[in-house]
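Residue strings, one per chain:
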Amino acid sequence: MARYAFDPMVGVEIALAFKGLEARWVRIQRGILHLGTFVLFFGGSAIKGETMTIKALGVALALVALMAVIKGVRLRRAQEAT
């Protein structure tokens, strides 16, 4: 079976995301995946970082992620209000 560089299912998923037709469980899976990725990167840099520079980058990662979550919640509430 030939391997393609472009997976056609990715296009379908993107189209469904833009249409707002994705299922709730897909959003839950994405949230879990993002949370797990964040925990791994944050733990590897801020907690177990070898130098202060790496630890500072880990803290910066946490701050940027927190700001993104706050912005996302505000945008979602604004969209639901309209």
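In this report, we go over the structure that sits alongside the text. Given the structure is predicted, the values throughout are model-derived calculations rather than measurements. (Residues numbered from 1 in each chain as written. Predicted model: local features only at pLDDT ≥ 70, side-chain atom pairs only at ≥ 80, totals over all residues. Heavy atoms only, no water.)

## What to know about the overall build of the protein
Rules: By definition, any uninterrupted DSSP run of H or I lasting at least four residues is a helix, any uninterrupted run of E lasting at least two residues is a strand, and each is numbered from the N terminus. Partly exposed describes any residue whose relative accessible area lies between the buried limit of under 20% and the exposed limit of over 50%, with all areas from a 1.4 Å probe on protein chains only and scaled to the type maximum. We get accessible surface area from the Shrake-Rupley algorithm with a probe of 1.4 Å; when it comes to residues, only the shown protein chains can shield them.
Looking only at helices and strands, one finds three helices and zero strands in the protein. Along the protein, helices and strands appear, N-terminal first, in the series α-α-α. Buried residues in the protein amount to 10% of all 82 residues. With the model as given, the accessible surface of the protein reaches about 7,600 Å², and the carbon-plus-sulfur share is 70%.

## Re helix α2 (residues 24–47)
The test is simple: By this rule the span expected of a helix is its residue count minus one, scaled by 1.5 Å. Every residue pair with non-hydrogen atoms within 4.5 Å of one another is taken to be in contact.
Here α2 is 24 residues long and its end C-alpha atoms lie 33 Å apart, about the 34 Å a rise of 1.5 Å per residue gives. Within the sequence span of α2, burial applies to Val26, Gly43, Ser45 and Ala46. Contacts from the buried residues of α2 go to α3 (52–81).

## What about the packing of aromatic side chains?
As a reminder of what qualifies: Two rings belonging to Phe, Tyr or Trp (six-membered ring only in the last case) form a pair when the distance between their centres is within 6.5 Å. Interplanar angles under 30 degrees mark stacking, angles over 60 mark edge-to-face geometry, and anything in between is tilted.
By the definition in use, this model includes one aromatic pair. Seen in terms of ring centroids, Phe38 and Phe42 are 5.7 Å apart; in terms of plane orientation they differ by 15°. Their pairing is stacked. One end of the pair, Phe38, and the other, Phe42, are both in helix α2, four residues apart, so they sit about a helical turn from each other.

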